[in-house]
Each structure stands twice: as structure tokens, then as C-alpha cells.
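# Working through the structure, step by step
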Amino acid sequence: MATKETCRSELRSAIRQLSDRGLNSAAKWAAEQLMGIEQDPMKQTPLQIRFQRGNSSIRLRNRAVTVADSSFTPSAGLSYITTPPQAEVEEVDGDVMSGDFYLLAKSYFDCKEYRRAAHVLRDQTNDKAVFLRCYSVYLAGEKRKEEEIIELEGPLGKSDAINKELVSLERELSKLRSNGSIDPFGLYMYGLVLKEKGNENLARTILVESVNSYPWNWSAWSELQTLCTSAESLKLLNLNNHWMKDFFLASAYQELRMHNEALSKYEYLMGTFTNSNYLLAQIAKAQYNLREFEQVEGMFEELLRNDPYRIDDMDMYSNVLYAKECSSALSYLAHRVFLTDKYRPETCCIIGNYYSLKGNHEKSVMYFSRALKLNKNYLSAWTLMGHEYVEMKNMSAAVYAYRRAVDIHQCDYRAWYGLGQAYEMMGMPLYALHYFKKSVFLQPNDSRLWIAMAQCYETEQLHMLEEAIKCYRRAASCDDKEAIALHRLAKLHGELGRTEEAAFYYKKDLERMDSEEREGPNMVEALMFLAQHCKQHKRFDEAEVYCTRLLDYTGSEKETAKSLLRGIRSARDVEHY
């Protein structure tokens, strides 16, 4: 990892260059990381102290992270060289008029008048002008594509509309690359066009060239990440050894569901970018995927303290509050983001979660639909809307919503799981099993998915109890927080006449319930089975313990326990004589 001063200097320069070329998202990301680098306490101004006030345990824990932690970087197929020299901030133009043309075009670009910006730069040949012209043409094509989607299919429908500028852009950028007269930003534009056209292999190569030449463009890294669909493809990338690569690898690990590896990378980066809200949000995301909701809630609370008008990632915070059934906190969050920006897709999604928790599923669907009008590729909204339709027993609409989610991102296990649930409720266990298998392949450590598969195997149509037992075993080994797997394993073994195995799982389930101080019918069932099992095997002392515990309950189980105790005493008397 480079020194803090080196990172700070590089980011300051990169922000100016990225902003000057209209790459606003990348410039915003770079600026957030710049402010995330902890200042020397002796040099800090009061304003910097107020901005960098994060003091959570995750931040403090990572202050001592050293360069040695960078061992998490994969070695296969990667070259390690010194940090590439940074590109010049400004290019030397032949005359002042070229700069004036660029200033006019950039003004049009900032006003979203992309055709006018491209027209102004039609005769300009320097690299910066060529990039802005191509980028303007691309965005104009994207704008027209969105208009056609709305005109032809409506905001929620599928459409065959395409960006009609891609062909001409590919032809021009390919020629520039062949002539060797293309800069890293032009390579990023070329890679983006190739990706949109479906030429993923060449796009991957071009984007690697771009980030190796100019590693501070986060937009290029993000596009490259979407083309790395497996750990193998990630290892094959020939990336230079630059600190930006650590951000990329951490994000790629996150998308590939390698959450522990992602956490290790992010915690390593926290050693330099101690106050980065981006890193804190990504760590919270990894913990969310590991279902560590208590930690995640604290991280999001800190994010809102540091950045009270933040909306990015707050939809995930709303999911945590929904899962924990924190109605008042979710209501406060929904009100807060609504006042900040009510026309953000994330805002609509948060409000949709709030109404879902309140049981108002129709209004929830309305807000998820509104989110999709604002961003038709908003994955969470499609998945959550599918969940709402399942609650409303509208299975055809639920299946449609889940399929749209899968079309957007085939690695979203929640959408596959939702499809399985929908088909299971429609009484089609074979179809349900197919989709549950897809979801469990993507998220093999989620006990809920294994339990869903097991329940499919248990249905009357399939009745494959041995397969169900295998699935419940996997669920039990995946930290089954709902405590379903152990009970079902005991029950199934009991039904199959395997009393020793049933007793083993009932005992484990009982130990877990005792440790969690849980009561209920499962405990009564476990105590009853174990009391009878121990009595049959003449383990009278153990049976007596279970029977004594049953005496604390009212109803038939208490009478059964008394009867068992009498039987135990009689059996002991017989043995004594």
C-alpha cells in the first residue's frame, strides 16, 4: 500500500481530471476516499475533525493494519510493478480556441445536452475532446434508448430497444486503438461500448489496459468487475500492482460471494482510509450477507451520523430493520430519506419495506413499482416486489417479478429462492426444487435455502426422506438460526424407525433450546421422546430427569410424565428383586 500522502496527492489530481471529463460518479468516489484518509492530528482543521469523526470499533480496530495484510491479493496471472506515472492534468492544445470549444462542450454536457456537446467537438482531435465527444454520443444514445423503452413497452416492460450509437462508436474507437492514438479514458469508453455490444472478452482486455494505464477511474474498475463472473476469471486478469487494485478486488470478492475475503481486504484498506464511509458501507454489506445483523445495524447508524443526508446503501439498512422487525426505526429512516430525496429509487424501496412490515402489501407494491419507474434495473425492488406478491397470493405476478430480477442479475440467490417459494406454494415441488438448487449453489452457507430444499423433498409428491435428511444436515452445519433443522432431523429419523439417531438429534436440539432459554412444543416433544427412549433402554436416571422436567408443564404431557415415572419406579423395583 502506498503512503497516505501519496494516495492523497493522487486522488486530488484524479478528482480534477475525472470531473473535467464528466465522469462525475468516479470523481465523487475518489473525493470520498480522499476525505477518508486520516489526517495528521497536528495538521487537522476543525472542519476536517468534524468530517472525520468516525470512531466505531471497526474503524479503531483497523488503525493498526499493516502492509503485511496485503497477502490476500491473488497471485495467479497478476504482474507487480511500481505505481504507474500519473497522467498529465491538462493536455497541450495547439491553440487557445481548442480549450474554448471544450469549455462550451462541457457546459452543454453538464446541462445534459449531449448532442450539442458532441457537435461542438466534432472537429477537435486532442484526446480529451475525443473522449468527451464519444461519451456525449454514448449518453445521447442511452437517453434515446430509455425514451424508446417507455414509448414502446412502458417503464416496467421488457423492450428490444438498443443504443443505436454503439456501432459507430466501436468503429471509431477501434481505429484509434489500432493507431495507438487513444488515451486511458478512450480505452474505458471503448471497453464500455464493447461490453454493451456483448463482446465481453475483448471488453475485459480493453478495460484492463485502461485501469493499468490510469488506475484512478473507479468507473472503469466497476465495469471490469461486472465482467468477472468467477474467481478463475478474476485471477486471470493481468493487473498492475497499485493500491486501487485492492479496492477492486474487495468489491469483486463481494460480488462473487467471497464475503470473508472481501472483509479481509476492506479491513486492510481501513488501515489507510480510516474514515472512509464507502469502506464502512462495504463492510456492513459483507456483514449483512453473512447475516450479522447486530453489527450491521451499528455500522449503518454510524454512517448516518457521519453523513446524515446519505441515501446510498440505506435500502440495505432498511432490509436489516425489516428483518429485525424494528418498525419505529424503519419509520424514522423512511421519513428521513423521503425528506432528503423522495424521487430516489432507494427512497421508494425503503418506504416499500416500511409498508410491508406494517402488513400493507398493496401500498408496498405501489412504492416498489415507483422505484422501478425510476430505475427499471433496480434489482432489490424486483425481488422485494416478488415477495409482496407472494404475501398477496398473486403467484403469477410474483413469478414475473422474480424472473425480471434474474434477468438483471443471474447470481441473485434471493430471486431464485423466491421463484422456488412461489412454485412450492403453487403445489409444484419439482419446479420449486429446481430453483432452490440454483439458489443454494449461489449461497451454499445459508441454512434457510437447505431447509427449503428439504421441505420440498418431504412433500407427498416426492417423499424423498433420505434426501431431505441430507439437506437438513447441511442446514444444521450452516448455523441454523431458526432452529428448524435439528428438530426435523430428529423427527424424520424417528419416522424411519432410527431411534438412536432420533435421540441424538433430539438431545442436540434440547441442548440448543436450553442454551437459548427457549420454550415451546418442540421442547416438550424432545423431552417426551428422550424420556421414553431412555426408559426403553433402561437408562432410568436419565429418563427420570426428562420426566421431572415434563412435570413443569400442564396438560397431557404432565400426565404422561407421571405415568412414565411410575413405570420407571416399577422397572427399578423389578430389577432390584
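Throughout this description, residue numbers start from 1 for each chain and increase along the sequence as written. In keeping with the predicted nature of the model, local features appear solely for residues at pLDDT of at least 70, side-chain atom pairs appear and are counted solely at 80 or more, and the whole-chain, interface and lining totals rest on all residues. The side-chain figures draw on all heavy atoms in the structure; neither hydrogens nor water molecules are used.

What follows covers the overall build of the protein chain. Looking only at helices and strands, the protein chain features 31 helices and zero strands. Partitioning the contacts of the protein chain with sequence separation of at least 6, the portion at a separation of at least 24 is 59%. Calculation of accessible area relied on Shrake-Rupley with a 1.4 Å probe; when residues are assessed, cover is drawn exclusively from the protein chains displayed. About 27700 Å² of surface is accessible on the protein chain, with carbon and sulfur atoms providing 51% of the total. Elements are defined by DSSP. Helices are runs of H or I of four residues or more, strands are runs of E of two residues or more, and each kind is numbered from the N terminus. Two residues qualify as a contact provided that any one of their heavy atoms is within 4.5 Å of a heavy atom in the partner residue.

A word on helix α25 (residues 447-458). When the terminal C-alpha atoms of α25 are compared, their 17 Å separation across 12 residues agrees well with the 16 Å that a helix rising 1.5 Å per residue should span. Of all 12 residues in α25, 10 are buried, a share of seventy percent or more. Those residues of α25 that are buried are in contact with α23 (413-425), α24 (429-442), α26 (465-477) and α27 (485-495). Between the first and last residue of a helix there are one fewer steps than residues, each counted as 1.5 Å, and that sum is the expected span. Burial classes follow relative accessibility: with a 1.4 Å probe on protein chains only, a residue under 20% of its type's maximum area counts as buried, one over 50% as exposed, and anything between as partly exposed.

So, on to unusual backbone geometry. One non-glycine residue, K112, adopts positive backbone phi at about 65 degrees. With respect to the helices and strands, K112 occurs in the loop between α5 (96-110) and α6 (114-120). Residue class for K112 comes out exposed when judged on its relative accessible area of 54%. We note that R291 has phi near 65 degrees; this positive angle belongs to a residue other than glycine. Along the polypeptide, R291 turns up in the loop between α15 (277-289) and α16 (293-306). The exposure class assigned to R291 is partly exposed, which follows from its relative accessible area of 25%.

So, on to the pattern of salt bridges. When a carboxyl oxygen of Asp or Glu is within 4 Å of a side-chain nitrogen of Lys or Arg, the pair counts as a salt bridge. Inspection of the entire model under this criterion finds 34 salt bridges. Notably, a salt bridge pairs E147 with R144, separated by 3.0 Å at the nearest N-O pair. On the criterion of helical spacing, the pair formed by E147 and R144 is a turn pair, its members being three residues apart in helix α7 (residues 127-152). E147 gets classed as partly exposed once you look at its relative accessible area, which sits at 33%. We classify R144 as partly exposed; its relative accessible area is 34%. A salt bridge links R488 to E458; its shortest N-O distance comes to 2.3 Å. On the criterion of sequence distance, the pair formed by R488 in helix α27 and E458 in helix α25 is long-range, its members being 30 residues apart.

We now examine the packing of aromatic side chains. Only the six-membered ring of Trp is used, alongside the rings of Phe and Tyr, when aromatic pairs are assigned; centres must lie within 6.5 Å, and planes under 30 degrees apart are stacked while those over 60 apart are edge-to-face, with the rest tilted. Counting across every chain of the model gives 26 aromatic pairs. With a centroid separation of 5.0 Å and an interplanar angle of 75 degrees, the aromatic rings of Y214 and W216 are classed as edge-to-face. W216 matches Y214 in its accessibility class, with the two residues each being buried. Considering the side-chain rings of Y355 and Y367, the 5.7 Å spacing of their centres and the 15 degrees angle between planes classify their relative orientation as stacked. With Y355 in helix α19 (residues 345-357) and Y367 in helix α20 (residues 361-374), this residue pair connects regions lying 12 residues apart in the sequence. Neither residue differs from the other here; Y355 and Y367 are each classed as buried. Throughout this description, the term charge over a ring refers to an Arg CZ or Lys NZ atom that lies within 6 Å of the ring centre and within 35 degrees of the ring normal. Between the NZ or CZ atom of K128 and the centre of the ring of Y102, over which it lies, the distance is 4.8 Å. One Lys or Arg, R370, reaches over the ring of Y367 and ends 4.8 Å from the middle of that ring.

Inspection of the secondary structure assignment puts R473 in helix α26. Looking at R473, the relative accessible area reads 41%, which means it is partly exposed. In this structure the C-alpha to C-alpha distance between R473 and L489, which are 16 residues apart in sequence, comes to 7.4 Å. Filtering out sequence-adjacent residues up to four positions away, R473 remains in contact with L489, H493 and Y505.

Residues at a pLDDT of 70 or more form 88% of the protein chain, whose mean pLDDT is 86. Counted against residues more than four places away or in other chains, residues 62-94, with its pLDDT under 50, gives 75 contacts. You can read pLDDT as the predictor saying how much it trusts each residue, on a scale of 0 to 100.

Take R539: it is sitting in the loop between α29 (521-536) and α30 (540-550). Residues R539 and I568, spaced 29 residues apart in sequence, show a C-alpha to C-alpha distance of 9.5 Å. Contact partners of R539, with chain neighbours within four places excluded, come to H533 and C534.

Turning our attention to the side chain of S13. Residue position: S13 is located in helix α1 (residues 4-20). Counting of polar contacts relies on pairs of N or O atoms within 3.5 Å, with two restrictions inside protein: one atom must be capable of donating a hydrogen and the other of accepting it, and residues adjacent in sequence are counted only when both atoms are side-chain atoms. Polar side-chain contacts of S13 include one of 2.9 Å to the side chain of Q17.

Throughout, an axis means a line fitted to C-alpha atoms (over the contacting stretch in the case of helices), and angles, computed between N-to-C directions, take values from 0 to 180 degrees. Packing of α7 against helix α9 (residues 184-197) brings their axes to within 9 Å, and their N-to-C directions diverge by 25 degrees. Regarding the angle of α7 to α9, the classification is roughly parallel. Crossing angle aside, the handedness with which α7 passes α9 is left-handed. Facing F131, C134, Y135, Y138, E142 and K145 of α7, the residues of α9 in contact are F185, G186, Y188, M189, L192 and E196. An angle below 35 degrees is treated as roughly parallel, one above 145 as roughly antiparallel, one from 65 to 115 as roughly perpendicular, and anything else as oblique. By definition, any crossing whose near helix is turned counterclockwise from its far helix by less than a right angle is left-handed, and any crossing with a clockwise turn is right-handed.

To continue, consider the packing of helix α17 (residues 314-323) against α19. Contact geometry for α17 and α19: axes closest at 9 Å, N-to-C directions at 10 degrees. Judged on the interaxial angle alone, α19 and α17 are roughly parallel. Residue-level contacts link M314, D315, S318, N319 and Y322 of α17 to E346, I350, N353, S356 and L357 of α19. Any residue that is not Ala, Val, Leu, Ile, Met, Phe, Trp, Tyr, Cys, Pro, Asp, Glu, Lys or Arg is counted as polar, Gly included; the first ten are nonpolar and the last four charged. Across the contact of α17 with α19, the residue classes break down as four nonpolar, four polar and two charged.

By nonpolar core we mean a set of buried residues, namely Ala, Val, Leu, Ile, Met, Phe, Trp, Tyr and Cys, connected to one another through side-chain atoms within 4.5 Å. With 104 residues, the main nonpolar core has L18, M189, L224, L234, F247 and F248 as its most contacted residues. With 10 residues, the top contributor of residues to this core is α7. Residues contacting L224, with those up to four places away along its chain left out, are R204, L207, V208, V211, L237, L239 and F248. Counting 80 residues, the second largest nonpolar core, distinct from the first, contains L379, A381, Y423 and L510.

Next up on the list: α30. Those residues of α30 lying buried are F540, A543, Y546, C547 and L550. For α30, the angular spread of the buried residues around the axis is 125 degrees, confining them to a single face. It is the directions from the helix axis to the C-beta atoms that the arc portrays.

Time to look at the state of the cysteines. The disulfide criterion used throughout: a pair of cysteine sulfur atoms within 2.5 Å. Here the structure, examined in full by the defined rule, presents zero disulfides. Here C534 is not cross-linked by a disulfide; its sulfur's nearest cysteine counterpart is in C547, at 9.1 Å. Taking relative accessible area as the criterion, C534 reaches 0% and is therefore assigned buried.

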